[in-house]
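# Residue-level structure breakdown
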Amino acid sequence: MARAEGGAGPAARWRELVELIEDARRRYYVEDAPTLSDAEYDVAYRELEALEAEHPELVSADSPTQAVGGERAEMFDPVEHLQRMLSLDNAFSTDELAAWVARVEKELGSVPPLLCELKVDGLAVDIVYERGRLRSLATRGDGRVGEDVTYNARFIPAIPRTLTATSGHPVPELVEVRGEVYFPVADFDTLNDEMLALGRSPFANARNAGAGTLRQRVDRREAELAAARERGAGTVERLEADLARAVRRLELLQLVVHGVGVWHGHEPTRQSEAYAALHGWGLPTSDRARVVDDLAGVQGYVEHYGVHRHDVEHEIDGVVVKVDDLATQGRLGSTSRSPRWAIAYKYPPEVVRTRLLDIEVNVGRTGRVTPFAVMAPVKVAGSTVSMATLHNQEEVVRKGVLIGDLVFLRKAGDVIPEVLGPVVEERTGAERAFVMPTHCPSCGSVLAPAKEGDVDIRCPNQRSCPAQLRERVFHLASRGALDIEGLGYKAAVALLDEGIVADEGDVLLLTPDDLRRSTFFTRDGGPGQERPLTANAEKLLAELEVAKNRPLWRVIVALSIRHVGPTAAQALAREIGDLDRIASSPVEVLSAVEGVGPIIAEAVVDWFAVDWHRDVVEKWRRAGVRLAEERADAGPRPLDGVTVVITGTVEGWSRDGATLAVQELGGKVSGSVSKKTDFVVVGENPGSKYDKAVALGRPVLDAAGFAALLERGPDAARAAAVPPPV
């Protein structure tokens, strides 16, 4: 972020920051098309706060630090909120969070019960119900006056038109509800595909997607369509399609309520009590909110969702912590822009902006040539990123990115960084298009699709292309294959470059004498002495012996057969159980295996038809690799024919570990709940799959029930199933 030239004084820098922040707010809240990332905004805002703290004379009533973010667009009618909607102060570290708790404790004399909830990255809305009927739906706007989007509520199933009283919670005469409208993560990528197809910048996050969707003038589109029909205009078909698209997007919107404003009637005494009432009336509240007693409880909640933030159906950018008692909230009060009784802890941003410096290509283990973005290094999701995948040439064109573009970059958790698309508004005209190479950058072979109609282009020199060899040797040692920790990428490169191995078949035949020929795996033994093996070499040799006894499915994955990943490999190992039988089976037999299908079956048959591929298998056979599943002919297994769905975090199990445990006993693990599901294993934060299991009457197992299933079989698991909620 550039500072004023010539070392301009604090007043000049203050004006720069105010203009920058106000422009960012307008683009974010009004246009739903930000050109500044959340991280850049936070840096600018905190600099402004620090500048005003150092120079109080600069503070004015119209400073962004003194006003609630956002404003109302003139295209909507104004709605004055019954009670002002405030912003939240942010904490970006555990120290800042602890400092807020300490301030609350100092003010009150002790730490009160604190309510923790997820900070939904959505559009803040204000909903008013009068005598149980929806009166208005409005955006936050400037905190006092928002935009009237009530008309669109009729298309959003998540927003109830009427509230239903319960015995414990009568509906008040008037109630003002605060919440977040959001666009589900599952539908976000599809929506961005539509935006890119229209030649527009993609939504940087699901929040902007939700805001852009809610703030559509559907009423005007309906009026335009009616007028066109009356005139018999030729635009009717296009207007019908536009309206249908707008309504379809509105129907996808979801809502979670997280607060109240005005409440006339039986008023609650605690925030958590208010949530129970709202839920009873039919409003969607979060089942992830928790009341904790102290800072340690808050930190535990923050840490948990820092790990599991992508297990949630909507995007989150942090955790909100509130004093639970409403009277205590009133005692703590508010500043001009934010309550003192609440704070938002912000996780590291997962969408940032950076400059796309170049687009290069990588050759993978199956010959696929993949473009990737080379970017100005930027910190995202807690790590510094300088490269991101672009998948294939068509994807580069679809995303509309040019070399030199400022781009939105996303890195969600451990997912490979991805370029979302360009910030079109920032183009200068100096950008240039990417041209896919015609020859392999590693071996010079002519690149072409493997089959007619393939999107991907490939290097056909599978046997001796240096790039493919390196990737295959590295892949066979990966966790999803033979899991050889001592064989990293540098070691794989050294084995090939020094001529110790010719291909992946030689890796399992390695001996101490082989490694002694390598400078990578030996160290200087002194003048006239033989170079001794390094500790890493000894470790590699030991791990190779262990790898020879890995389950058959891991051996299949290690072969680098196109389309064959762990799921298909496990199915083949489970159903056929012997690599020689798999190699000799026709497409019809292989495709009949559940989880395989004709495309994978053809890839397997094609792979074994290549002579040097069969040579790799023979080398592994000579090395003593186990090429048959020990249980293949042991008769029925305890979970044969049983379908299990696993959702949430199951205590004592990783997701992969729980899946493998079921599969090793003959069971099938599915990703969706249906009437054919035998058991749904539910861990912490299960999401919608639990609700569907209850709705369909499928047996639900907790960690203890899952243990019963694995140890004693289906009958014991049914007896241990969790009773459905009353």
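To be clear, the structure that these remarks concern was listed above.
Nothing here was measured: the structure is a model prediction, and the numbers come from that model.

## Some words on the overall build of the protein chain
Per the secondary structure count, the protein chain includes 25 helices and 20 strands. The C-alpha radius of gyration of the protein chain comes to 30 Å, within 12% of the 27 Å expected for a compact globule of 726 residues. Projected onto the principal axes, the alpha-carbon positions of the protein chain cover approximately 80 × 75 × 70 Å. Here the protein chain holds 726 residues, and the buried ones make up 49% of them. Sequence-distant contacts in the protein chain: of pairs separated by 6 or more residues, those separated by 24 or more amount to 66%.

## What about the packing of aromatic side chains?
Pairs of aromatic rings are described using the distance from one ring centre to the other and the angle between the two planes. Enumeration according to the criterion identifies eight aromatic pairs in this entry. Each ring, one from Trp263 and one from Trp281, has its centre 5.3 Å from the other, and the planes form 50°; the classification is tilted. With a gap of 18 residues between them, Trp263 in strand β8 (residues 254-264) and Trp281 in the loop between α8 (271-280) and β9 (290-292) connect regions that are remote in the sequence. Residue Trp263 is classed as buried on the basis of its relative accessible area of 7%. Among the residues examined, Trp281 registers a relative accessible area of 1% and is labelled buried. Ring centres 5.7 Å apart and planes at 80° place the aromatic pair Tyr345 and Tyr347 in the edge-to-face group. Here Tyr345 and Tyr347 have matching classes, each one buried. It is Arg154 that lies over the ring of Tyr151; its NZ or CZ is 4.0 Å from the centre.

## Things to note about the state of the cysteines
Taken as a whole, this structure holds zero disulfides when the rule is applied. The thiol sulfur of Cys459 is not disulfide-bonded, and the nearest other cysteine sulfur, from Cys443, lies at 3.5 Å.

## Observations concerning the sheet that holds β9
One open sheet holds the five strands; their spatial order is β2-β11-β10-β3-β9, and the pairing between them is mixed. Looking at which strands have only one partner, the edges of the open sheet turn out to be β2 (90-91) and β9. Helix-sheet contacts for α8 involve β3 (114-120), β9 and β10 (316-323), and the interaxial angle to β3 is about 55°. In the packing of helix α9 (residues 295-308) onto the sheet, contacts are made with β3, β9, β10 and β11 (342-346), and the angle to β3 comes to roughly 20°.

## Here we look at the environment of Gly210
Along the chain, Gly210 falls in helix α5 (residues 206-214). Spatially, the C-alpha atom of Gly210 lies 24 Å from that of Leu163, the residues being 47 residues apart in sequence. The contacts of Gly210, once residues within four sequence positions are left out, are Phe183 and Leu253.

## Some points on the side chain of Thr354
Considering the arrangement of structural elements, one finds Thr354 in strand β12 (residues 351-363). In this structure, Thr354 is in contact with Met375, Ala376, Val378, Asp405, Leu406 and Val407, ignoring residues within four places of it in sequence.

## Let's talk about unusual backbone geometry
Of note in this structure, Arg131 is not a glycine but carries a positive phi near 50°. With respect to the secondary-structure elements, Arg131 resides in the loop between β4 (123-130) and β5 (133-139). Overall, Arg131 belongs to the exposed group, its relative accessible area being 58%. Phi at Ser560 is positive, roughly 60°, even though this residue is not glycine. The class of Ser560 is buried, set by a relative accessible area of 6%.

Cut-offs and rules
Residues numbered from 1 in each chain as written. Predicted model: local features only at pLDDT ≥ 70, side-chain atom pairs only at ≥ 80, totals over all residues. Heavy atoms only, no water. Helix = DSSP H or I, 4+ residues; strand = E, 2+ residues; numbered from the N terminus. Rg over C-alpha atoms; globule rule 2.2 N^0.38 Å. Buried < 20%, exposed > 50% of the residue type's maximum accessible area, 1.4 Å probe, protein only. Contact = heavy atoms within 4.5 Å. Phe/Tyr/Trp six-rings, centres within 6.5 Å; stacked < 30°, edge-to-face > 60°. Lys NZ or Arg CZ within 6 Å of the ring centre and 35° of its normal. Disulfide = S-S within 2.5 Å. Pairing = 2+ DSSP bridges. Axes fitted to C-alpha atoms, helices over the stretch in contact; angles between N-to-C directions.

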